[in-house]
Number of protein chains: 2
Amino acid sequence: MSVIYQKVALIGLGLIASSMARAMREKGLAGEIVGHARSAETRETALEIGLVDAVYESAAEAVEGADLVVLCVPVGVMGKIAAEIAPHLAPGATVTDVGSVKRAVIDAVGPHIPEGVHFIPGHPLAGTEQSGPRAGFATLFMNRWWLFTPLEGTDRKALDRVKSLVTAMGANVDEMAPDHHDLVLSVVSHTPHLIAYTMVGVADHLRRVTHEEVIKYSATGFRDFTRIAASDPTMWRDVFLTNKEATLDILGRFTEELFMLQRAIRMGDGDMLHDYFTRTRAIRRGIIEAGQDTDAPDFGRAVPKKDE
Amino acid sequence: MSVIYQKVALIGLGLIASSMARAMREKGLAGEIVGHARSAETRETALEIGLVDAVYESAAEAVEGADLVVLCVPVGVMGKIAAEIAPHLAPGATVTDVGSVKRAVIDAVGPHIPEGVHFIPGHPLAGTEQSGPRAGFATLFMNRWWLFTPLEGTDRKALDRVKSLVTAMGANVDEMAPDHHDLVLSVVSHTPHLIAYTMVGVADHLRRVTHEEVIKYSATGFRDFTRIAASDPTMWRDVFLTNKEATLDILGRFTEELFMLQRAIRMGDGDMLHDYFTRTRAIRRGIIEAGQDTDAPDFGRAVPKKDE
């Protein structure tokens, strides 16, 4: 494939940025990749493992002359970063972001973007429970969705160009209105994360069941919750604070539904439980058919070797 | 390894029984393996794929002359099966079960067990989201825990023999009091399952987010919930109905905790959220260190090929 942007500036060098850097290098999509991270250690690591050609102590320096700037920082600091880089953005450059919430990012970043620069909010639905520059890998976006929530009047050519970049990295693209994005993500990602965090927290607090037992016997069900609840705390704090309305809405529905099932358990209503559990199976089949997961029996997943 | 039981009767031929059959065959642990399933189709499949040497239409016939009988049916029908097989059990035989709840099984099965037969309740903490005789595989129990909740006065030799069987299948064994077992499992398995079912149900009901979108964009967080919520509905209905007290207890704690986090979101208390999410990360590390999961970045797990 051929170069799509001459100079890409990655602001923030965590899991997503490092996966983008690897994918862009592997496919030859960027002439030059530079980066900024707040922490000196992260900057050094990124250089050392060859993610970027250069790192800068300030985001403002990093964006100089870049035709693509990707904001890969937690949603809560996007506005501050945008203010910093704004005077340094090259005319005609595109600024995109990878935040999990779109309305708050648009409100925080949008006002800083100068005339003649294209701001195209985006969100790759990809990630792992790990963080940092070493956590990335080139195939992270393969067959995953990368949603864009373009603003009114967005330049179609600039949008098509950034779409061609993420498509070349293996992603599928789609467009969505920002508020709808935030609601959908609240259902498929944000609320499930909060619930996983909560369940792991309950287990942690419970005194009668010792900490050791929780860990030792985690193999069914709980183990998946701990995986989700191991995700980056700063990123997720910002997601909940900035997608407050949708999260509280979905949480309210979740609690209602949970109370209904709880009542069925208390009343011994087996038919209701059985019907409910049968319906949820259908959604799983749909996800497999849609190619968003495999049918492999994952609970019995690769087991670490015994010591003996 | 050598034969531990001359004739093993598997009552119920689903995921657990078929995995046991495969593991016992692979290691040569049983002289003969016979089985019973209520459905003719399941019996035929079990014979056809060589899980068992013989199948029987009734559980009573299957247990004749067996020195080990394993009850692999949903918890809710254990008592009925025990009543059926009781007059046919060989003197000195061991009856064990694989139910996810122990107090209810002991109460339902115990009274039917005749003098001279050893009843040793058990529970392998292993499984997948799939069911049926074809779902099993020989390595399912490798490095997983198999808990026994022996009754007072249990014959140690009989207990050691069944332990040696499951150890030979790769499991680690542990003993626990039945009520404590039910509480621990409520935390690490039963309540997480109910919560996953609930979250998937919420998504299913939500009209503003279309069904298609829920499936299409499931990749982060929600996908793991749907995997859990694809588990066998009959088995799980029975778990909740028979482990009611512990489930309601843990659900109560879960809801309290969730309300606290919900309030922090509403109030914008970012520090509280960040602290909470940081603590849950530690539990995940413990599980990896305990060898109950790998550190591989599973959210970015093997991606199905694109059609193109």
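Residues numbered from 1 in each chain as written. Chains lettered and ligands numbered in written order. Predicted model: local features only at pLDDT ≥ 70, side-chain atom pairs only at ≥ 80, totals over all residues. Heavy atoms only, no water.

1. Thoughts on the interface of chain A and chain B
Then step 1. Listed as interface residues are 119 residues of chain A and, on the opposing side, 119 residues of chain B.
Then step 2. Buried area between chain A and chain B, both sides added, is near 11,300 Å², and the carbon and sulfur share of it is 68%.
Then step 3. Viewed at the interface, chain B and chain A are joined by two salt bridges.
Then step 4. Put simply, Asp-174 of chain B and Lys-216 of chain A hold a salt bridge, and the shortest N to O gap is 2.9 Å.
Then step 5. At the surface where chain A touches chain B, the tally comes to 28 residue pairs in polar contact (both at pLDDT 80 or more).
Then step 6. Put simply, the parts of the chain that give the side of chain A that touches chain B at least two residues each are strand 7 (145-148), strand 8 (172-175), helix 7 (178-205), helix 8 (211-216), helix 9 (222-228), helix 10 (233-242), helix 11 (244-267) and helix 12 (270-289) of chain A.
Then step 7. The leading source of residues in the side of chain A that touches chain B is helix 7 of chain A, at 21 residues.
Then step 8. In terms of residue class, the side of chain A that touches chain B is built from 58 nonpolar, 34 polar and 27 charged. (Contact = heavy atoms within 4.5 Å. Buried area = accessible area lost by both parts, 1.4 Å probe. Salt bridge = Lys/Arg side-chain N within 4 Å of Asp/Glu carboxyl O. Polar contact = N/O pair within 3.5 Å; in protein donor to acceptor, adjacent residues only side chain to side chain. Helix = DSSP H or I, 4+ residues; strand = E, 2+ residues; numbered from the N terminus. Nonpolar A, V, L, I, M, F, W, Y, C, P; charged D, E, K, R; others polar.)

2. Focus on the pairing of strand 1 (residues 5-11) of chain A
All names here are of chain A.
Then step 1. Here strand 1 lies mainly inside the structure; six of its seven residues are buried.
Then step 2. Sheet analysis places strand 1 next to strand 2 (residues 30-36), joined by six bridges and oriented parallel. In the sheet register, Tyr-5 faces strand 2, and the bridge partner there is Ala-30.
Then step 3. Following the backbone out of strand 1, through helix 1 (residues 15-27) and into the adjacent parallel strand 2, one traces a crossover that is right-handed.
Then step 4. Inspection of the sheet shows strand 1 paired to strand 4 (residues 68-71) by four bridges, in the parallel sense. When the sheet's bridge partners are listed, Ala-9 is paired in strand 4 with Val-69. (Buried < 20%, exposed > 50% of the residue type's maximum accessible area, 1.4 Å probe, protein only. Pairing = 2+ DSSP bridges. Right-handed = clockwise from strand over helix to strand, strands pointing away.)

3. Some words on the packing of aromatic side chains
Then step 1. Applying the stated criterion to the full structure yields 12 aromatic pairs over all chains.
Then step 2. A ring pair is formed by Tyr-197 of chain A and Phe-277 of chain B, whose centres lie 3.9 Å apart and whose planes are at 20 degrees; its orientation type is stacked. On the criterion of chain membership, the pair formed by Tyr-197 of chain A in helix 7 and Phe-277 of chain B in helix 12 (residues 270-289) is interchain, its members lying in two chains.
Then step 3. With relative accessibility at 0%, the residue Phe-277 of chain B sits in the buried group.
Then step 4. Look at Tyr-217 of chain A and Trp-145 of chain B: their rings are 5.7 Å apart centre to centre, the planes differ by 80 degrees, and that puts the pair in the edge-to-face class. With Tyr-217 of chain A in the loop between helix 8 and helix 9 and Trp-145 of chain B in strand 7 (residues 145-148), this pair bridges two chains.
Then step 5. Its relative accessible area of 2% is what places Tyr-217 of chain A among the buried residues.
Then step 6. Aromatic ring contacts, followed pair by pair, group Tyr-197, Trp-236 and Phe-240 of chain A together with Phe-277 of chain B into a single cluster.
Then step 7. Lying across the ring of Trp-145 of chain A, Lys-216 of chain B places its NZ or CZ 4.6 Å from the centre. (Phe/Tyr/Trp six-rings, centres within 6.5 Å; stacked < 30°, edge-to-face > 60°. Lys NZ or Arg CZ within 6 Å of the ring centre and 35° of its normal.)

4. Some remarks on the sheet that holds strand 6 (residues 118-124) of chain B
Residues and elements named next belong to chain B.
Then step 1. Read across the open sheet, the eight strands follow the order 3-2-1-4-5-6-7-8; overall the sheet is mixed. Of all strands in the sheet, those bounded by a partner on one side alone are strand 3 (54-56) and strand 8 (172-175). Averaged over all adjacent pairs, the angle separating strand axes in this sheet is 25 degrees, with direction ignored.
Then step 2. Across the sheet, helix 4 (residues 78-85) is in contact with strand 1 (5-11), strand 4 (68-71) and strand 5 (94-97); its angle to strand 4 comes to roughly 155 degrees. (Axes fitted to C-alpha atoms, helices over the stretch in contact; angles between N-to-C directions.)

5. Describing the packing of helix 12 of chain A against helix 10 (residues 233-242) of chain B
Then step 1. Running from N to C, helix 12 of chain A and helix 10 of chain B point in directions that differ by 140 degrees, and their axes come no closer than 9 Å. It follows that helix 12 of chain A is oblique to helix 10 of chain B by the angle criterion. Considering the relative orientation of helix 12 of chain A and helix 10 of chain B, their crossing is right-handed. Residues Gly-270, Leu-273, His-274, Phe-277, Thr-278 and Arg-281 of chain A of helix 12 of chain A form the contact with helix 10 of chain B, whose own contacting residues are Pro-233, Thr-234, Trp-236, Arg-237, Phe-240 and Leu-241 of chain B.
Then step 2. Looking at the contact of helix 12 of chain A with helix 10 of chain B residue by residue, the classes come out as six nonpolar, four polar and two charged. (Parallel < 35°, antiparallel > 145°, perpendicular 65-115°, else oblique. Left-handed = near helix turned anticlockwise from the far one by under 90°.)

6. Some points on the relation of the copies chain A and chain B
Then step 1. In the superposition of chain A on chain B (RMSD 0.0 Å, axial shift 0.0 Å), the rotation amounts to 180 degrees. In symmetry terms, the pair is related by a two-fold rotation axis. Considering only C-alpha atoms, the residue of chain A closest to the rotation axis is Asp-224 of chain A, which sits at 3.4 Å.
Then step 2. Comparing interface residues between copies, 100% of those in chain A also lie at the interface in chain B; the contact surface is shared. (Least-squares fit on C-alpha atoms with pLDDT ≥ 70 in both.)

7. Digging into the nonpolar core
Then step 1. Within the largest apolar cluster, 138 residues are counted, with the highest numbers of intra-cluster contacts made by Ile-11 and Val-69 of chain A together with Ile-11 and Val-69 of chain B.
Then step 2. Sequence-distant contacts of Val-69 of chain B, that is, excluding residues within four places in its chain, are made with Ala-9, Ile-11, Val-63, Ile-85, Leu-89, Thr-94, Val-95 and Thr-96 of chain B. (Core = buried A, V, L, I, M, F, W, Y, C linked by side-chain atoms within 4.5 Å.)

8. Some thoughts on the sheet that holds strand 1 of chain A
All names here are of chain A.
Then step 1. Taken in spatial order, the eight strands line up as 3-2-1-4-5-6-7-8 in an open sheet, and their pairing is mixed. Both edges of this open sheet fall to strand 3 (54-56) and strand 8, since each of them pairs with a single strand only. The average angle at which neighbouring strand axes cross in this sheet is 25 degrees, direction not considered.
Then step 2. Running over the sheet, helix 4 (residues 78-85) touches strand 1, strand 4 and strand 5 (94-97) and is turned about 155 degrees from strand 4.

9. Structural notes on helix 10 of chain A
Then step 1. Inspection of helix 10 of chain A places Pro-233, Trp-236, Arg-237, Asp-238, Val-239 and Phe-240 of chain A among the buried residues, and these make up the whole buried set.
Then step 2. On its buried face, helix 10 of chain A sits against helix 7 and helix 11 of chain A together with helix 11 (244-267) and helix 12 of chain B.

10. Some words on the domain arrangement of chain A
Residue and element names in this part refer to chain A.
Then step 1. For chain A, the domain assignment lists domain 1 (5-176) and domain 2 (180-293).
Then step 2. Centre-to-centre, using C-alpha coordinates, domain 1 lies 30 Å away from domain 2.
Then step 3. With 19 residues of domain 1 at the contact, the number on the domain 2 side is 18 residues.
Then step 4. Both sides of the domain 1 and domain 2 interface together cover about 1,400 Å² of buried area, and 59% of this is carbon and sulfur.
Then step 5. For the pair domain 1 and domain 2, the number of links is one salt bridge.
Then step 6. Linking domain 1 to domain 2 there are six residue pairs in polar contact (both at pLDDT 80 or more).
Then step 7. For the side of domain 1 that touches domain 2, the secondary-structure elements that each account for two or more residues are helix 5 (103-109) and strand 7.
Then step 8. By residue class, the composition of the side of domain 1 that touches domain 2 is nine nonpolar, six polar and four charged. (Domains from an automatic or database assignment.)

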